[in-house]
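Structure assessment
Chain by chain, the residues run as shown.
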Amino acid sequence: MHRLRTFITARRTSWIVLVGALVAAGAIFAAGTGNEEGTLPGVGLPDSAESAQAAAAAEQLPGSDSTVALLVFSRDGETLSDSDSEAVSAAATALTDFSAEGFVPPPAFSDDGTTALVTVPLDKLSEAGEQAERADEIRAEANADLPSGLTALLSGPEGFAVDIAAVFEGADFTLLITTVIVVAALLLITYRSPWLWLVPLIVVGTADGLAGIVAARVAALAGIQLDASVTGILSVLVFGAGTNYALLLIARYRDELRLVEDRREAMSRALRGAGPAIIASGSTVVLALLTLVFAELQGNRALGIACATGVVIAMIFALVVLPAALVLFGRGLFWPYIPRFGTEGSAERGVWHKLGVLVSKKPVVVAILGAVVLGALSLGVPQIKIGLSQTESFTQVPEAVQGQDIIAEAFPAGSGSPASVIANSEYADEVAQAAEGVAGVDSVRIGESTDTITQITVVLDDAAETEASFAAIEALRSELSSIDGADALVGGLDAQALDVERAQQADQDLVIPLILGLVFIVLVLLLRSLLAPILLLLTVVASFFASLGASWFLFETVFGFPAIDTNVVLFAFLFLVALGVDYNIFLVTRAREEAVEHGTRAGMIRALSSTGGVITSAGILLAAVFAVLGVLPLITLTQIGIIVCIGVLLDTLLVRTVIVPSLAFIAGEKFWWPGRVISVGAEVRSRPNSASHDGGAKHAAAAQVADSQGSGSHAIEDHRAKHSVDR
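Bear in mind that the values here come from a model prediction, so they are computed numbers and not experimental data.

1. Brief notes about the overall build of the protein
Broken down by element type, the protein carries 23 helices and eight strands. Taking the principal axes of the C-alpha coordinates as reference, the protein spans close to 100 × 50 × 50 Å. Each of the 727 residues in the protein was classed as buried or not, and the buried ones make up 54%. Of the contacts made within the protein by residues no fewer than 6 positions apart, 80% connect residues no fewer than 24 positions apart. Here the protein has roughly 30500 Å² of accessible surface; of this, 59% comes from carbon and sulfur atoms.

2. Some remarks on a nonpolar patch on the surface
Nonpolar side chains collect at one region of the surface, where Leu 287, Leu 290, Val 293, Phe 294, Leu 510 and Leu 514 lie side by side and expose about 470 Å² of accessible area between them. Of all the secondary structure elements, the ones that give two or more residues to the nonpolar patch are helix H10 (263-290) and helix H17 (493-527). With respect to the secondary-structure elements, Phe 294 resides in the loop between H10 and helix H11 (298-326). On the accessibility criterion, Phe 294 (54% relative accessible area) is exposed.

3. Re the pattern of salt bridges
What the rule picks out here adds up to 14 salt bridges. Residues Arg 75 and Asp 84 are paired through a salt bridge, measuring 2.7 Å at the closest nitrogen-oxygen approach. The residues Arg 75 and Asp 84 share a single accessibility class, namely buried. Here Asp 136 and Arg 139 are joined by a salt bridge, their closest N and O atoms 3.2 Å apart. Remark: Arg 139 and Asp 136 occur in helix H5 (residues 128-143); sequence separation between them is three residues, near one turn of the helix.

4. Structural notes on the confidence of the model for the protein
Per-residue pLDDT for the protein has a mean of 84; in total, 90% of the residues score no lower than 70. Scored below 50 in pLDDT, residues 680-727 shows 54 contacts in the model against residues more than four places distant or in partner chains.

5. Examining the sheet that holds strand E2 (residues 108-109)
One open sheet holds the four strands; their spatial order is E2-E3-E1-E4, and the pairing between them is antiparallel. Lying at the two open borders of the sheet, with one neighbouring strand each, are E2 and strand E4 (151-155). Both strand E1 (residues 66-74) and E4 contribute to a ladder of five bridges, which runs antiparallel. Paired with Val 72 across the two strands is Leu 153, which belongs to E4. Along the sheet, helix H4 (residues 82-94) contacts E1, E2 and strand E3 (115-123); its crossing angle with E3, the most-contacted strand, is approximately 0°.

6. As for the packing of aromatic side chains
In this structure the tally under the stated criterion is 10 aromatic pairs. Ring centres of Trp 195 and Trp 335 lie 5.7 Å apart, and the angle between their planes is 25°; on these two criteria the pair is classed as stacked. With Trp 195 in the loop between helix H7 (171-191) and helix H8 (198-221) and Trp 335 in the loop between H11 and helix H12 (351-361), this pair connects stretches of sequence that are 140 residues apart. A residue is classified by how much of its surface remains accessible, and Trp 335, at 44% relative accessible area, is partly exposed. Between Tyr 253 and Phe 334, the aromatic rings sit 5.9 Å apart at their centres with planes inclined by 50°, giving tilted as the arrangement. One end of the pair, Tyr 253, is in helix H9 (residues 228-259); the other, Phe 334, is in the loop between H11 and H12, and 81 residues separate them in sequence. Under the relative-accessibility criterion, Tyr 253 is labelled buried at 2%. Sitting over the face of the ring of Trp 672, Arg 592 holds its NZ or CZ atom 5.2 Å from the ring centroid.

Reading the values: the criteria
- Residues numbered from 1 in each chain as written.
- Predicted model: local features only at pLDDT ≥ 70, side-chain atom pairs only at ≥ 80, totals over all residues.
- Heavy atoms only, no water.
- Helix = DSSP H or I, 4+ residues; strand = E, 2+ residues; numbered from the N terminus.
- Buried < 20%, exposed > 50% of the residue type's maximum accessible area, 1.4 Å probe, protein only.
- Contact = heavy atoms within 4.5 Å.
- Areas by Shrake-Rupley, 256 points an atom, 1.4 Å probe, with all protein chains shown as cover.
- Patch = residues over 30% accessible without salt bridge, like charges linked within 9 Å, V, L, I, M, F, W, Y side chains within 5 Å.
- Salt bridge = Lys/Arg side-chain N within 4 Å of Asp/Glu carboxyl O.
- pLDDT = per-residue confidence, 0-100.
- Pairing = 2+ DSSP bridges.
- Axes fitted to C-alpha atoms, helices over the stretch in contact; angles between N-to-C directions.
- Phe/Tyr/Trp six-rings, centres within 6.5 Å; stacked < 30°, edge-to-face > 60°.
- Lys NZ or Arg CZ within 6 Å of the ring centre and 35° of its normal.

Here it is, written out as structure tokens:
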């Protein structure tokens, strides 16, 4: 590893690193992702799901390559007049040019006379831009020459597809610009330098661009195409993790510059000190993400593969490209706060040192208070509601949702999203008759057919993706499965949503234990301890529940969200446990390093002193970056961003700052059980001449300062005695 560090930081070879990285980046950017533009989030159900089987069977039917647009005509709840009805009929005739079948069925009017519904069969389009252009033309044609006050809204499958595409139109650019602005501002505040922030920002920004391309290529090898929601989370994660690693490395580099005259040697030592922690934390995140490859839902697998690839690239750039870039510049890069050779840092006289000493005096009280805070924030978890319907998925209400709401009020609520039953043709009548007798079914109609299978459309009483509609789907499946030989399959929007909910629960039950197990193993190998990993994992899990409870309170009272989407809990747990453990790794690995010389108690105080500022900055930055997901009008991403934001802040400001140190102080040397840290300094400080616990703490702190000053002075004198080197 010494040769690798030298190669990255040496005067002659650091240029080779940068040129090689530039050439490789150019080649990757030139190759591109290979993905189609405008890819939308897919369902990704396994082939074994009944709704997926129904959809596959339906492809054999005539018109399987078509979709439907629903035009909803209304006058804001008022009864339609005769002239309104004539205008609707005329509009239906005018829409014939768009129909895949060459005609449009007559309008359907609600019983209360307030709403008219026109169904337009359409050919499926694979390109999002063409689909949006056609939707605009349909809207314009439907609204042309309508009486004043009468409006037509585009809804149904086509309307939702277009509106979801609009949500992600330009999303990558908006998300990227917002993320860059947030990261740049926080780096500028952190470093208080007019140009230092540019180096990590450029390096991490390049890593983000490459991550999107490489992740798409890797996912393609697994037969998965990334959609806009996955690439959005990927970008946020790479920026957040990459900047965190940069902050940790630069902070260690700054410390070494005070003790080493040659900046290249200082960077090599910084890599030796910070590199293992970065590799350990990044590997933990990667392993946690890769647990998603065992998920049933393709969307979960896509996120795991893409984000794991992105974190690997972020680590490579932080440990290879960033050091090579930083050593090109002299100490003036840190101006106006230049770390001069021979000066002492102020960590042990700062707020973090004082906080560590304060916590060490009453660790039991601090641990109890921390547990009370986390427990209080977790009280909202039992009240959480899981599951958002398609109409509830947007922070801004699109036209398709407005139209669906009007349909649900004026017609049977399930009219806009009927269930689709596929059965053997010879049993079609029997299946239809059985479906009519199922509770929650409004109407049944036999549709398209082949020699072998027939499609039966079933309209439900209740609105799509509600508990009542799910119950009706389950009852329908139970009833139809009892018809021997019919081989009836129940599909459609509600059936699909029900299958997704069940698959998501199965993924959650599988992946969460895998994440906990992998993180625990990494911590055991890293710390060579059993007790410390258990305590660290418990604190991170506790902060997850606290962030979930606090977020639910905000969702209900501030944002008015009706529920948490089905995949939010799994994704939030994944990011919070993996990223939350990062900060504990940064702190505890430094504490173990310090404990070898100073003992566990003093080592934890010194670790908190030296890492407090950088970890706090990293946590605030990561929280802000995830909060950027809220710029997209999709509730799922907003919820993930808020939960992770709150959780990271809790991990940074409460768990890592006071709870973990207090647990280490309570456990003492047993914190590293069954291993142990052999410390000569600790043995000296533990002699029975200490007057009291507080007095011992003061002597220990004084000894720490003396030790650090002494070692620093010796190091400075040794370097001054040597020949001059390049600064």
